[in-house]
Amino acid sequence: MTHFFETYGLMLGKAILVHLAYVLTSVAAATVVALVLGVLLSRVPAIARWMMPVISISQTIPGIVFIGILYLYLGMEPITAFTALAIYAVFPILKNTYAGLLGVEEKYKEAARGCGMSPRQILFKIELPLAMPTIFAGIRMSTVYTVSWAVLTAMIGLGGLGEFVYRGVSTNNSTLTITGAIPAAIMAIALGALVDWIQKKITPRGLQEVKS
Amino acid sequence: MIEYRNVSKNYGERQIVKNLNFTIEDGQFAVLIGPSGCGKTTTLKMLNRLIQSDGGEILLDGKNVNEINAEQLRQHIGYVIQQIGLFPNMTVEQNITVVPRLLKWDKARCAERVRELLALVDMDYDTYAKKYPNELSGGQQQRIGVLRALAAEPPVILMDEPFGALDPITRDSLQDEVKSLQKRLKKTIIFVTHDMNEAIKMADVILFMSDGELLQQASPEEMLRAPANDIVREFMGKHVAQGVSGQDNIPCGEIMRKNVAKVSSSWRTLECVQMMSSREIDSLVVVDENDRYLGVVTIEGIKAHGKPGMEVTKLLETTVPTVYTDTLAKEAFGTLDSTRARYLIVLDKNERPVGIITRTSMSKALAYMVWGGDAV
Ligand SMILES: Nc1ncnc2c1ncn2[C@@H]1O[C@H](COP(=O)(O)OP(=O)(O)OP(=O)(O)O)[C@@H](O)[C@H]1O
Ligand SMILES: [Mg+2]
């Protein structure tokens, strides 16, 4: 065991950091893109009605196919992995942003208009805050998924915990596979919890479950 | 002053509002009433441009509302909706100050305004200001809804069936509160309802709409005395009777009947007679602006000394015995027997009438003791 860590310890530490970096940057970028797209789509329901199904379908293209295609265009650079992961991470957040905004009850929007808010003020003061729980559910989903999708980056030689998994699988070394899989699982759980914690911090009491 | 001149609204081929003409004076409490779907909401929302009119013009103090920036217009017209629509992500304080903040009032002024407004409806600042809407009862929520509309001191307030979703008792007290606020603050209010009792209770002037047209604009008194046509007459008859029976026999406490037929001291004789006949009672309790007990007015009194349009305060009788909510029922029954009064008025500790005890209450109380709760 000590021997194992002497050999792989440094590599594991680095793999965890790389993995984490992929996840955090791609989810962060995806959140920004998804929020902007979600808001835009919610303003034009006519377009959204056919866009959303298309987006849902493209989400089912297997990640490996997608990474492969990107690889052909962008080469073996971290940007390839980052782009692929970010694009995948957009879907759940976009879907939830759109659904969350659409789910804001008309009475709140009407009251806001009646108070003399501009469309922009209604979006930022009313619609987005009310959609926040749904949006966060999307971010959480994205984060957890991205941790596992990031395992694929190793397939094009871009590091992360996937390296252990693949080496383990290809050399039939289950210790190596597990060494990659367990930190990934822990990372998914921990990041999920982190998102929950942030959400709890920023959601006003009025939008949290009523305790009765 | 609010003026509608030949205002109309179409949806496709259908004309929803047809050449509406009317004027509402400053400080008037105007109630728009009429059957469901007759165009009341549409008429109301054209004023703050939540709905765009198709023809004619709507003047607010002589200015065509279509020439005012829609957002600025709405910031200067209070608006209360039936579904209340308090923003769930904001505290009571934040909800109340929505419009002042849009108008860039400074913090201190906003905070002071919230205190002032909460005091108006007897809600304690420290208890309620930091609460969220989901932590309030329906009645409290709509009080805040009304305060939000009042916050930036708009001269005009629009209310679209604001009490429609509330239970009868809460509705009753909110009606009283809003009416007395309107008098005190001298606001012009346009209030939509399809409950004739509510209209009679609140209105200085009632505008009766049917099928997109204005059939009659008159004081409650006059509308009751001289309905313009059969539609108005029938609607009033039906609704006065219905609304009241819904409020009858709400059991509260063990014996006291809680639905006191209260009228404010500004009421006039005909309105009272109408209310008595619709409730099948022969007297009404009269209260002052703070809801405190003044006396009663009876049908005999009105018959003997009243003239149409006379204020009820001239006919007040103060001979009915009163008791307090914490008086023992036994004592109350004793008083009923010894004074041979037909009923007693129950006051709370602030001298507000909150119930009556009749001889029927006595027999019901007896039945309750013999058969248990369901009999009451
Ligand atoms: N956006 C719309 N498109 C088409 N028709 C509409 C629209 N809004 C309202 N209507 C119709 O216009 C008529 C008047 O509606 P309005 O909401 O003003 O009635 P109302 O008197 O307020 O009714 P209620 O008492 O039920 O609230 C109704 O027949 C309604 O179906
Ligand atoms: Mg309506």
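Residues numbered from 1 in each chain as written. Chains lettered and ligands numbered in written order. Predicted model: local features only at pLDDT ≥ 70, side-chain atom pairs only at ≥ 80, totals over all residues. Heavy atoms only, no water.

*Asks:* What is the right way to read the packing of aromatic side chains from this model?
*Replies:* The geometry of an aromatic ring pair is captured by the separation of the ring centres together with the interplanar angle, meaning the angle of the planes. Using the criterion set out here, one finds seven aromatic pairs over all chains in the structure. Seen in terms of ring centroids, Y145(A) and W149(A) are 5.3 Å apart; in terms of plane orientation they differ by 55°. Their pairing is tilted. Of the two residues, Y145(A) and W149(A) both sit in helix α6 (residues 119-149), four residues apart, roughly one turn of that helix. Overall, the relative accessible area of 21% leaves W149(A) in the partly exposed class. Judged by centre distance (5.8 Å) and plane angle (55°), the ring pair of F163(B) and F191(B) falls under tilted. One end of the pair, F163(B), is in the loop between β7 (156-160) and α8 (168-185); the other, F191(B), is in strand β8 (residues 188-193), with 28 residues separating them in the sequence. An identical accessibility class is assigned to F163(B) and F191(B); each is buried. Ring-pair connections join several aromatic residues into one group, and the members of that group are Y88(A), F91(A), Y145(A) and W149(A). The ring of W105(B) carries the charged tip of R109(B) above its face, separated from the ring centre by 3.6 Å. Taking NZ or CZ as reference, R148(B) lies 4.7 Å from the ring centre of F87(B), over its face. (Phe/Tyr/Trp six-rings, centres within 6.5 Å; stacked < 30°, edge-to-face > 60°. Helix = DSSP H or I, 4+ residues; strand = E, 2+ residues; numbered from the N terminus. Buried < 20%, exposed > 50% of the residue type's maximum accessible area, 1.4 Å probe, protein only. Lys NZ or Arg CZ within 6 Å of the ring centre and 35° of its normal.)

*Asks:* Help me understand the packing of helix α7 (residues 138-150) of chain B against α8(B) in this model?
*Replies:* Any two packed helices are characterised by how steeply their axes cross, that is the angle between the axes, and by the distance between the axes. Residue and element names in this part refer to chain B. At a minimum axis separation of 10 Å, α7 and α8 run at an interaxial angle of 20°. Between α7 and α8, the angle falls in the class roughly parallel. Like other packed secondary-structure pairs, α7 and α8 cross with a definite hand, here right-handed. Of α8, the residues touching α7 (which contributes G139, Q142, R143, V146 and L150) are T170, S173, L174, E177, V178, L181 and L185. In terms of residue class, the contact of α7 with α8 is built from six nonpolar, four polar and two charged. (Axes fitted to C-alpha atoms, helices over the stretch in contact; angles between N-to-C directions. Parallel < 35°, antiparallel > 145°, perpendicular 65-115°, else oblique. Left-handed = near helix turned anticlockwise from the far one by under 90°. Contact = heavy atoms within 4.5 Å. Nonpolar A, V, L, I, M, F, W, Y, C, P; charged D, E, K, R; others polar.)

*Asks:* Any chance you could explain helix α8 (residues 174-202) of chain A here in plain terms?
*Replies:* Residue pairs spaced three or four apart in an α-helix point in one direction, given the helix's 3.6 residues per turn. All names here are of chain A. Counted at 1.5 Å a residue, the expected span for α8 with its 29 residues is 42 Å, and the 42 Å between its end C-alpha atoms agrees. Every buried residue belonging to α8 is among L176, T179, G180, P183, A184, M187, A188, L191, G192, V195 and Q199, and all of these are buried. By the N-cap criterion, in which a side-chain oxygen at the helix start approaches the backbone nitrogen of a residue two or three places on, α8 is capped by N173, the distance to T175 being 3.1 Å. (Expected span 1.5 Å × (residues − 1). Polar contact = N/O pair within 3.5 Å; in protein donor to acceptor, adjacent residues only side chain to side chain.)

*Asks:* Help me understand the nonpolar core in this model?
*Replies:* Generally speaking, soluble globular proteins have nonpolar side chains that are buried together. The biggest cluster of nonpolar side chains holds 57 residues, and the ones touching the most others in it are I96(B), L118(B), I144(B) and M196(B). Ranked by residues supplied to this core, first place goes to α7(B) with five residues. Looking at which domains feed residues into this core, each of domain 1 (2-236) and domain 2 (252-371) of chain B gives three or more. For I96(B), the residues in contact, after removing those within four places along its chain, are V114(B), L117(B), L118(B), I144(B), L147(B), R148(B) and A151(B). Within the second largest apolar cluster, 48 residues are counted, among which are I122(A), V17(B), L32(B) and L60(B). (Core = buried A, V, L, I, M, F, W, Y, C linked by side-chain atoms within 4.5 Å. Domains from an automatic or database assignment.)

*Asks:* Mind showing me how you'd approach the site of ligand 1 here?
*Replies:* Residue and element names in this part refer to chain B. The environment of ligand 1 is made up of Y11, R14, I16, S36, G37, C38, G39, K40, T41, T42, E161 and H194. Here R14 contributes a side-chain N or O atom positioned 3.0 Å from an oxygen atom of ligand 1. Its free accessible area being 640 Å², ligand 1 has 61% of it covered by the protein chains. Looking at the shell around ligand 1, the elements with two or more residues in it are β2 (14-24) and α1 (40-47). Broken down by element, the shell around ligand 1 gets its largest block of residues, three residues, from α1. Within the shell around ligand 1, the residues separate by chemical class into three nonpolar, six polar and three charged. (Near = heavy atom within 4 Å. Areas by Shrake-Rupley, 256 points an atom, 1.4 Å probe, with all protein chains shown as cover.)

*Asks:* I keep staring at the pattern of salt bridges and nothing clicks. Help me out?
*Replies:* Think of it this way: side chains of opposite charge can pair up when their charged atoms draw near. Residue and element names in this part refer to chain B. A full pass over the atoms with the stated rule returns 23 salt bridges over all chains. Of the charged contacts in the structure, one is a salt bridge between D172 and K201, with a shortest N-O distance of 2.9 Å. Note that D172 is positioned in helix α8 and K201 in helix α9 (residues 196-202), a separation of 29 residues in sequence. Its relative accessible area of 22% is what places D172 among the partly exposed residues. The class of K201 is buried, set by a relative accessible area of 17%. Here the salt bridges share partners, and the residues they tie into one network are E3, R5 and E57. (Salt bridge = Lys/Arg side-chain N within 4 Å of Asp/Glu carboxyl O.)

*Asks:* Just checking my understanding: could you explain the domain arrangement of chain B for this structure?
*Replies:* Bring the parts together and some accessible area is lost; that lost area is often taken as the interface size. All names here are of chain B. Examined at the domain level, chain B breaks down into domain 1 (2-236) and domain 2 (252-371). Taking only C-alpha atoms, the centre of domain 1 and the centre of domain 2 are 31 Å apart. Contacts between the two partners involve eleven residues from domain 1 and, on the opposite side, 14 residues from domain 2. Summing both sides of the interface, domain 1 and domain 2 together bury roughly 990 Å²; the carbon and sulfur share of this comes to 53%. (Buried area = accessible area lost by both parts, 1.4 Å probe.)

*Asks:* Looking at this structure, I do not really get the environment of L32(B). What am I missing?
*Replies:* All names here are of chain B. Mapped onto the fold, L32 is located in strand β3 (residues 29-33). Taking C-alpha positions, L32 is 17 Å from I77, a pair spaced 45 residues apart along the chain. Excluding residues that lie within four positions of it along the chain, L32 makes contacts with K40, T43, I190, F191, V192, T193, L207 and M209.

*Asks:* Sorry, what's going on with the confidence of the model for chain A here?
*Replies:* Should the pLDDT be low somewhere, the predicted coordinates at that spot are not to be read in detail. In the predicted model, chain A carries a mean pLDDT of 89, and 97% of its residues have values of at least 70. When pLDDT is averaged over each element of chain A, helix α5 (residues 106-114) of chain A comes out on top at 97 and helix α3 (residues 63-74) of chain A at the bottom at 77. (pLDDT = per-residue confidence, 0-100.)

*Asks:* Explain a nonpolar patch on the surface here, please?
*Replies:* Residue and element names in this part refer to chain A. Residues I61, I64, V65, I69, Y71, L72, Y73, L74, M76, I79 and M155 make up a contiguous nonpolar surface patch of about 1,100 Å² in total accessible area. Among the secondary structure elements, L72 is positioned in helix α3. A relative accessible area of 70% places L72 in the exposed class. (Patch = residues over 30% accessible without salt bridge, like charges linked within 9 Å, V, L, I, M, F, W, Y side chains within 5 Å.)

*Asks:* Would you mind showing me how to read helix α7 (residues 162-170) of chain A here?
*Replies:* All names here are of chain A. All of the buried residues along α7 are G162, F164, V165 and G168. For α7, the buried positions fall inside an angular range of 160° around the axis, keeping them on one side. Of the residues trailing α7, N172 is marked for its positive phi of about 60°. (Arc of directions from axis to C-beta.)

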